[in-house]
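# Observations on the three-dimensional arrangement
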Amino acid sequence: MRFIFEIDKQLAPIAIVEQKLSDNNHLDDFNCDSIAFLSSDKTKDLKNPELISSIIWKSFAITQKFCLDNCKVDLIVFNNNECNRLKLSDDEKASVIIHELGHVFNRNPQIDKIPNLHDCLDKGLNYNDAKQKTKEEKDNDELYADSYVVKNGLKNELESCINKSLDDDAYSKMKETLKMRLNFIRNNNINLIGERKK
Ligand SMILES: [Zn+2]
């Protein structure tokens with residue numbers, strides 16, 4: 001597996017991300033070398049493009065974890081075409097990227113403790129209960145990532161991204177989660193701080 005590490009400093013949203021994170025002294029996080037950025041239209045150049053989740057084609061961006069040469073790499077794939085289809089501004093695109101960075105730097109601490117099928121069999125847990133728990137913790141993980149965006153000053157831009165998704169038929173299956181996120185942000189509940197990863 002070969003990754004393309006591509007941080008396009010010329011891309012306006014990336015410059016906004018750097019600005020926002022440096023305002024809040026998080027530039028060190030951004031410079032963490034275990035994060036790779038890749039544009040979705042470059043995924044076809046990967047040696048194993050099938051390792052990238054197909055969810056990317058219906059998303060603004062996704063973050064996937066890989067192990068590469070014994071290093072953990074968080075790969076953020078950014079789908080500029082989808083962002084443009086929903087007419088996201090550069091600031092809104094920056095909020096998308098900071099949300100993905102939130103999945104790296106402000107993870108829901110419970111997300112890695114979710115039991116899988118093997119754990120259920122091993123510990124005699126009910127798999128359906130585990131699946132419900134997985135959904136809850138994944139939803140919570142979105143709130144942790146959103147919290148990172150709010151903390152870094154792009155609350156309004158994040159809200160408008162979610163609203164644009166809610167207005168689009170392609171996101172109809174995600175409506176419940178999107179509305180939950182919107183409520184959470186609007187009610188200023190958002191003060192979730194996860195475990196910092198260095
Ligand atoms: Zn997310």
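A brief structural summary.

To continue, consider the overall build of the protein chain. Secondary structure assignment for the protein chain yields 8 helices and 3 strands. Counted from the first residue to the last, the protein chain has its helices and strands arranged as α-α-β-β-β-α-α-α-α-α-α. Across the 198 residues in the protein chain, those meeting the buried criterion constitute 29%. By sequence separation, contacts in the protein chain at least 24 residues apart represent 71% of the contacts at least 6 residues apart.

Looking now at the nonpolar core. Ranked by size, the top nonpolar core spans 31 residues in total, and within it A61, V77, I97 and I98 carry the most contacts. Secondary-structure elements contributing two or more residues to this core are α1 (12-23), β1 (35-39), β2 (61-68), β3 (71-78), α4 (90-105), α6 (127-151) and α7 (155-166). If we ignore the near neighbours within four places in the chain, the residues touching A61 are I76, V77, F78, N79, V96, I97 and E100.

What follows concerns the sheet that holds β2. The strand order across the open sheet built from 3 strands is β1-β3-β2, with neighbouring strands paired in mixed fashion. Only two strands of the sheet have a single neighbouring strand rather than two, namely β1 and β2. Each neighbouring strand pair of the sheet contributes to a mean axis angle of 25°, computed without reference to strand direction. In the sheet, β1 pairs with β3 via 5 bridges, with the strands oriented parallel. Residue L38 lies in a different strand from β3, and its bridge partner there is V77.

Moving on, we get to the packing of α4 against α6. One can describe the packing of α4 onto α6 by two numbers: an axis separation of 7 Å at closest approach and a directional angle of 120°. Judged on the interaxial angle alone, α6 and α4 are oblique. In terms of crossing hand, the pair formed by α4 and α6 is right-handed. The residues of α6 that touch α4, namely those facing S95, I98, H99, L101, G102, H103 and F105, are D141, Y144, A145, D146, S147, Y148 and V149. Classifying every residue of the contact of α4 with α6 by side-chain character gives 7 nonpolar, 5 polar and 2 charged.

What follows concerns the pairing of β2. The pairing of β2 with β3 spans 8 bridges and is classified as antiparallel. Counterpart to L68 in the pairing with β3 is C71. In this structure, the hairpin formed by β2 and β3 is closed by a connection of 2 residues, where D69 is found at a positive phi of approximately 50°.

Assignment of secondary structure puts H99 in helix α4. Residues in contact with H99, not counting those within four places in the same chain, are A145, D146, V149 and L158.

Our focus in this paragraph is the packing of α4 against α7. Two elements in contact, α4 and α7, have axes whose closest approach is 8 Å; the angle formed by their N-to-C orientations is 95°. Comparing their axes, α7 and α4 come out roughly perpendicular. Here D91, E92, A94, S95, V96 and H99 of α4 lie close against α7, whose contacting residues are E157, L158, S160 and C161. Residues that form the contact of α4 with α7 fall into these classes: 4 nonpolar, 3 polar and 3 charged.

Quick look at the environment of V17 now. Note that V17 resides in helix α1. In sequence terms V17 and I97 are 80 residues apart; their C-alpha atoms lie 7.3 Å from each other.

Under the 1.5 Å per step criterion, the end-to-end length of α1 is 17 Å for 12 residues, consistent within 8% with the ideal 16 Å. Within α1, the full set of buried residues consists of P13, I16, V17, K20 and L21. Down the axis of α1, the buried side of the element spans an arc of 125°, and every buried residue falls inside it. With respect to the buried face of α1, the exposed residues turned more than 90 degrees away are S22 and D23.

The phi torsion of most residues other than glycine is negative, and most of the peptide bonds are trans. One non-glycine residue, K87, adopts positive backbone phi at about 55°. In this fold, K87 is placed in the loop between α3 (80-85) and α4. Given 8 C-beta atoms within a 10 Å radius, K87 is considered exposed.

What counts and what doesn't
- Residues numbered from 1 in each chain as written.
- Predicted model: local features only at pLDDT ≥ 70, side-chain atom pairs only at ≥ 80, totals over all residues.
- Helix = DSSP H or I, 4+ residues; strand = E, 2+ residues; numbered from the N terminus.
- Buried ≥ 20, exposed ≤ 12 C-beta atoms within 10 Å, placed from the backbone.
- Contact = placed C-beta atoms within 7 Å.
- Core = buried A, V, L, I, M, F, W, Y, C linked by C-beta atoms within 7 Å.
- Pairing = 2+ DSSP bridges.
- Axes fitted to C-alpha atoms, helices over the stretch in contact; angles between N-to-C directions.
- Parallel < 35°, antiparallel > 145°, perpendicular 65-115°, else oblique.
- Left-handed = near helix turned anticlockwise from the far one by under 90°.
- Nonpolar A, V, L, I, M, F, W, Y, C, P; charged D, E, K, R; others polar.
- Expected span 1.5 Å × (residues − 1).
- Arc of directions from axis to C-beta.

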